[in-house]
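Tertiary structure, described
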Amino acid sequence: MITLNSSSNQEIVKYKVQENKILHLDQSGKIIKGDLANHYILNKESFDNDIKEKYWRIVEVMGQPVEKNFRREPHIILKNNGNIIGNGGCNSLQGSYKLDENNRISFSKIISTQMACPSLETEQKLLKAIQTADSYILNGDELTLIKGRMA
């Protein structure tokens, strides 16, 4: 149970912590029941939509800055329907992804076109990074895909 006092100490508010939610309790510390009970439940929200449907420009792969001499800007987009689309700089890529709790992410069925390009080293590293990533860190407008502790 969490008890909060207002700055004037005149109002005491009590909450009960449960898995993925917090219940606002009545003055005596009991769970509020009745028609309005749902209005006193604070459910944990998933913020995975913060990474979906955004254009993520690739600026670094395996710790190395991405050069800017590509036909297209390397990027990925995580679609709402569970698909990933993007470009490695020359070749398009697509596949599937799944988000789980605690910023876990997994990618599958990643494929790319096979156009003749001057250098495929960055694209190959990008595909490997996507396929091996198991979690992510979102810091403002920066998304980092990681495998264990290796960004």
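Within every chain, residues take consecutive numbers counted from 1 along the sequence as written. At least 70 in pLDDT is required for a residue's local features to be given in this predicted model, at least 80 for side-chain atom pairs to be given and counted, and no such filter applies to totals for whole chains, interfaces and linings, which use all residues. The basis for every side-chain value is the complete set of non-hydrogen atoms in the structure, without hydrogens or water.

Observations regarding the overall build of the chain
Strands here are runs of E lasting at least two residues and helices are runs of H or I lasting at least four, both read from the DSSP assignment and numbered beginning at the N terminus. When helices and strands are tallied, the chain shows one helix and 13 strands. In the chain, the succession of α and β elements from N to C terminus is β-β-β-β-β-β-β-β-β-β-β-α-β-β. In terms of overall size, the chain is more extended than a compact globule, its C-alpha atoms giving a radius of gyration of 22 Å where 151 residues would be expected to give roughly 15 Å. Overall size of the chain, expressed as C-alpha extent along the three principal axes, is 70 × 30 × 25 Å. We compute the radius of gyration over the C-alpha atoms and compare it with the globule rule, which gives 2.2 Å times the number of residues raised to the power 0.38.

Here we look at the packing of aromatic side chains
Pairing of aromatic side chains requires ring centres within 6.5 Å, counting the rings of Phe and Tyr and the six-membered ring of Trp. Pairs whose planes differ by under 30 degrees are stacked, by over 60 edge-to-face, and all others tilted. Per the stated rule, a full pass over the model turns up one aromatic pair. Between tyrosine 97 and phenylalanine 107, the aromatic rings sit 6.5 Å apart at their centres with planes inclined by 45 degrees, giving tilted as the arrangement. Highlighted residues: tyrosine 97 in strand β10 (residues 92–100) and phenylalanine 107 in strand β11 (residues 104–112), separated in sequence by ten residues. Note on accessibility: tyrosine 97 and phenylalanine 107 belong to one class, buried. Exposure categories follow from relative accessible area, calculated using a 1.4 Å probe and restricted to protein chains: below 20% of the type maximum is buried, above 50% is exposed, and the middle band is partly exposed.

Side note on the confidence of the model for the chain
Scored from 0 to 100, pLDDT reflects the predictor's confidence in each residue. Confidence along the chain averages 87 in pLDDT terms, with 93% of residues attaining 70 or more. The element-level mean pLDDT for the chain is lowest in strand β4 (residues 41–43), coming to 83, with strand β9 (residues 83–87) highest at 97.

Digging into a nonpolar patch on the surface
On the surface, a nonpolar cluster with roughly 240 Å² of combined accessible area is contributed by Ile2, Leu4 and Val17. Within the secondary structure, valine 17 is located in strand β2 (residues 12–18). Under the relative-accessibility criterion, valine 17 is labelled partly exposed at 49%. What makes a patch is a set of residues exposed beyond 30% relative accessible area and free of salt bridges, joined within 9 Å when like-charged and within 5 Å when nonpolar (Val, Leu, Ile, Met, Phe, Trp, Tyr). Methods summary: accessible areas were calculated by the Shrake-Rupley approach with a probe of 1.4 Å, and residue burial reflects only the protein chains presented. By convention in these notes, a salt bridge is any Lys or Arg side-chain nitrogen within 4 Å of a carboxyl oxygen on Asp or Glu.

Remarks on the sheet that holds β4
The strand order across the open sheet built from four strands is β1-β2-β3-β4, with neighbouring strands paired in antiparallel fashion. A strand with exactly one partner marks an edge of an open sheet, and here the two such strands are β1 (2–5) and β4. Between one strand axis and the next, the sheet turns through 25 degrees on average, direction left out of account. Strand pairing is assigned whenever DSSP detects at least two bridges linking the two strands. One ladder, built from three bridges, connects strand β3 (residues 21–24) with β4; its direction is antiparallel. Bridge assignment links leucine 23 to a residue of β4, and that residue is isoleucine 41. Interaxial angles span 0 to 180 degrees and are taken between N-to-C directions of axes, which are lines fitted to C-alpha atoms, for helices over the stretch in contact.

Quick word on the pairing of strand β12 (residues 135–139)
Here β12 pairs with strand β13 (residues 142–146) via five bridges, running antiparallel. For asparagine 139, the partnering residue across the bridge sits in β13 and is glutamate 142. Hairpin connection, β12 to β13: the antiparallel pair is bridged by two residues, and glycine 140 has positive phi, about 65 degrees.

With respect to the side chain of histidine 75
Along the chain, histidine 75 falls in strand β8 (residues 75–78). Under this definition, polar contacts are N or O atom pairs within 3.5 Å; protein pairs additionally need one hydrogen-donor-capable and one acceptor-capable atom, and for neighbouring residues in sequence, both atoms have to be side-chain atoms. A polar contact is formed between the side chain of histidine 75 and the backbone oxygen of glutamate 73, at a distance of 2.8 Å. The contact criterion used throughout is that any non-hydrogen atoms of two residues lie within 4.5 Å. If sequence neighbours within four positions are ignored, histidine 75 has contacts with Tyr55, Trp56, Arg57, Ile58, Ile85, Gly86 and Asn87.

Describing the state of the cysteines
We call a pair of cysteine sulfur atoms a disulfide when they lie within 2.5 Å. All told, the structure shown has one disulfide when counted by the stated rule. Through a disulfide, cysteine 90 is tied to cysteine 117; the S-S separation comes to 1.8 Å. Of note, the bridge from cysteine 90 to cysteine 117 carries an S-S torsion of about -75 degrees and is left-handed in sense. With cysteine 90 in the loop between β9 and β10 and cysteine 117 in the loop between β11 and α1 (121–132), this pair connects stretches of sequence that are 27 residues apart. Looking at cysteine 90, the relative accessible area reads 9%, which means it is buried. Its relative accessible area of 16% is what places cysteine 117 among the buried residues.

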